[in-house]
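The lines below spell out each chain.
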Amino acid sequence: MSMESEARSRQTRRAWALSAPALFLLFLAAAGPLMIVLVYSFLLPGKYGNVEWGFSLDGWRGILYTRDIFDGTLKLADAHLTIFWRSVKLSLLTTIITFAVGFPTAWFIATRAPKARALWLFLITIPFWTNLLIRTFAINEVLRNEGIINTVLTRAGLIDAPIRMINTDFAVLVGMAYVYLPLMVLPLFAAIDRFDMRLLEAGYDLYASRLAVLRRVILPIVKPGIVAGSILVFVPSLGAYVTPRVLGGGKNMMIGNFIELQFGQGRNWPLGAALSMALLMIVMVALLVYVRAATKGSNPHG
Amino acid sequence: MADRNFSATRIPGFAAIAIAAFVILYLPIFTLVIYAFNAGQSIAVWEGVSLHWFARAWDNEAVKSATLRSLVIAVSASAIATSVATMAALGTTRRPNFRGQTFIYVMINQPLMVPEIVTAVALLIFFGVVKQATGYQGLGYLILAHTAFCIPFAYLPIRARLEGMDLSLETAAADLYASDWQTFRYVTLPLLFPGIIAGAMLAFVISLDDVVITEFVKAGGQDTLPTYMLGQMRRAITPEVNAISTGLLALTVVLLTAFFLLTRKKG
């Protein structure tokens, strides 16, 4: 027994020793600095950016409230709430749109013959790995005032003046749905791919309609994939920075741009730090939901 | 069945939506690539084929230095990340559960879970403090930051490869009196090699594409190709940006194709 436990603890030491360099680098340039952000969120803002050492809850309070310049009373910060609401609204809409388009797409790929399936899958993976900035830029060229849609419509004589789409919430939504679609398709495909298609025939043999089969057989079984895809789209949408910056312009900020503003012109580092921590907490809750749903789904039922 | 074409797996409308999705996914990218070859100034009005914008980008000192910087960072970061990820994968796979296993997994995958903007802000603050303390202003910060977020991308394919290898060959080598090092060098490493290359390529692509963290960490004059492009987008856009994008796209597609060929399951 003691020899076995000694071998075991040697194995454990080895695992840690081999992982140590990776853990050190990750602590240094990923996990560790997050703790500094947490500390900074409780400090006072410096006059020209940075912080002054002194405990304060103003950073956290500043997320929702703003102090009146004249009488110093706290009131709800409407501008902040508008940004949060826009972030949540656009992220939810992005998730819904990518699901509505992504589910049929994933289904289509999963029901191809094996050879064709690999090709379709490869076609969805290329955009997945392609630079997000390039894809955002590509959508930008489609939507701009001098962009493809407006040029085509003008030349066809359908419109006199270009339709203004860029620098609107609509442009940000289209852009996010476009860049995050592969993140929805891939987990949905993985779930559908494991699905036993004979269950469909069983359903139809028992006189179920197509809609009934979709609702009662397919959706419950691919639910873990739906949850995974939704989280994978919702989380980066909520923290999006590049897409709203390029397509939304300065006015249609989302949380990510709002955070950057605090470290730039806003010069309120504690508020920026508190906003970052708040965003991180929301994302962690979403991930916990995902882990619980995923582990539930992996139980073999039948 | 009365309907001879009835197929249980077919759902009406799904194929149409899927095809439309693929068209929408690729059309903007194709357009972007095509207009990189436009002779005119515009990114929407076609004026004939030309390599003018590629030449312009090639002759642009800012583009040249940004490209070089991107490559230096991506090569360094992916090399370091792949080395430490290989060690971590060897440490954490093919062994019974051990204390702290979950902690190590969470730490390694942490960059995939934390929103990039939050890490970017954290590094801006942390490196600001370090810069003030040490006075060092070089590329090291960018390389370190890129290394950290590349680690999970290098780790995952290596680990997948290791999990598909059983221990019998290594056990056989040990039975034949090979030392631990010899077993690793002549048995484990050659078998693991495709996984390592795959991991390195993913890490390279991820580093090359990064915008957000680079934008926050870089000092003045340390633009990479993506942050240079982001800066250009605020100004009047010429097809030069299309030309740069096309170059980056081509590189990504080549690397990904190689990645898929390497990791393709045989059989």
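Values in this document were obtained by computation on a predicted structure and should not be read as measured data. (Residues numbered from 1 in each chain as written. Chains lettered and ligands numbered in written order. Predicted model: local features only at pLDDT ≥ 70, side-chain atom pairs only at ≥ 80, totals over all residues.)

**What to know about the overall build of chain A**
In step 1: Within chain A one finds 13 helices and four strands.
In step 2: Relative to its length of 302 residues, chain A is extended, with a C-alpha radius of gyration of 25 Å against a globular reference of 19 Å.
In step 3: Across its three principal axes, chain A shows a C-alpha extent of roughly 85 × 75 × 35 Å.
In step 4: In chain A, which comprises 302 residues, the share counted as buried stands at 41%. (Helix = DSSP H or I, 4+ residues; strand = E, 2+ residues; numbered from the N terminus. Rg over C-alpha atoms; globule rule 2.2 N^0.38 Å. Buried ≥ 20, exposed ≤ 12 C-beta atoms within 10 Å, placed from the backbone.)

**Quick look at the overall build of chain B**
In step 1: In terms of helices and strands, chain B carries 11 helices and zero strands.
In step 2: Start at the N end of chain B and walk to the C end: the helices and strands fall as α-α-α-α-α-α-α-α-α-α-α.
In step 3: A globule of 267 residues ought to have a C-alpha radius of gyration of about 18 Å, yet chain B, at 23 Å, is considerably larger.
In step 4: Dimensions along the principal axes, computed over C-alpha positions, put chain B at roughly 80 × 70 × 30 Å.
In step 5: For chain B, the residues scored as buried account for 41% of the 267 residues in total.
In step 6: Across chain B, contacts joining residues at least 24 apart in sequence account for 78% of those joining residues at least 6 apart. (Contact = placed C-beta atoms within 7 Å.)

**Topic: the interface of chain A and chain B**
The parts lose accessible area when they come together, and the size of an interface is often stated as this lost area.
In step 1: In this complex, chain A contributes 68 residues to the contact, which on the side of chain B involves 68 residues.
In step 2: Residue contributions to the side of chain A that touches chain B peak at 21 residues, all from helix H1 (residues 2-40) of chain A.
In step 3: Split into classes, the residues belonging to the side of chain A that touches chain B amount to 49 nonpolar, 13 polar and six charged. (Nonpolar A, V, L, I, M, F, W, Y, C, P; charged D, E, K, R; others polar.)

**Some points on the nonpolar core**
In step 1: Counting residues in each nonpolar core, the largest one holds 150 residues, and the members touching the most others are Leu 188 of chain A together with Ala 85, Val 121, Leu 123, Ile 151, Ala 154 and Ala 203 of chain B.
In step 2: If you tally residues by element for this core, the top one is helix H7 (residues 169-194) of chain A, at 18 residues.
In step 3: The contact partners of Leu 188 of chain A, leaving out residues within four places of it in the chain, are Gly 102, Phe 103, Ala 106, Val 222, Gly 225, Ile 226 and Gly 229 of chain A. (Core = buried A, V, L, I, M, F, W, Y, C linked by C-beta atoms within 7 Å.)

**A look at the packing of helix H3 (residues 61-92) of chain B against helix H6 (residues 140-163) of chain B**
All names here are of chain B.
In step 1: Running from amino to carboxyl end, H3 crosses H6 at an angle of 45°, the nearest separation of the two axes being 6 Å. Judged on the interaxial angle alone, H6 and H3 are oblique. Between H3 and H6 lies a crossing of right-handed hand. In this structure, H3 contributes Ile 73, Ser 76, Ala 77, Ser 78, Ile 80, Ala 81, Thr 82, Val 84, Ala 85, Thr 86, Ala 88 and Ala 89 to the contact, and H6 contributes Leu 142, Ile 143, His 146, Thr 147, Cys 150, Ile 151, Ala 154, Tyr 155, Ile 158, Arg 159 and Leu 162.
In step 2: When grouped by side-chain class, the residues that make up the contact of H3 with H6 number 16 nonpolar, six polar and one charged. (Axes fitted to C-alpha atoms, helices over the stretch in contact; angles between N-to-C directions. Parallel < 35°, antiparallel > 145°, perpendicular 65-115°, else oblique. Left-handed = near helix turned anticlockwise from the far one by under 90°.)

**Details of the UniProt feature "transmembrane region" (unreviewed entry) in chain B**
In step 1: Under the UniProt annotation, "transmembrane region" (unreviewed entry) lies at residues 12-37, 71-91, 103-127, 139-158, 186-208 and 243-262 of chain B.
In step 2: Annotated as residues 71-91 of chain B, this span is 100% helix and 0% strand, and its ends, taken at the C-alpha atoms, are 30 Å apart. (UniProt positions renumbered as here; feature names shortened; annotations may be inferred.)

**Comments concerning the confidence of the model for chain A**
In step 1: On average, residues of chain A score 86 in pLDDT, and 97% of them are at 70 or above.
In step 2: Averaged over each element, pLDDT in chain A is lowest for helix H8 (residues 198-205) of chain A (79) and highest for helix H3 (residues 78-110) of chain A (93). (pLDDT = per-residue confidence, 0-100.)

**A short note on the environment of Leu 93 of chain A**
Residue and element names in this part refer to chain A.
In step 1: Turning to its location among the elements, Leu 93 is positioned in helix H3.
In step 2: Looking at Leu 93, the number of C-beta atoms within 10 Å reads 16, which means it is partly exposed.
In step 3: With 45 residues separating them along the chain, Leu 93 and Tyr 48 place their C-alpha atoms 38 Å apart.

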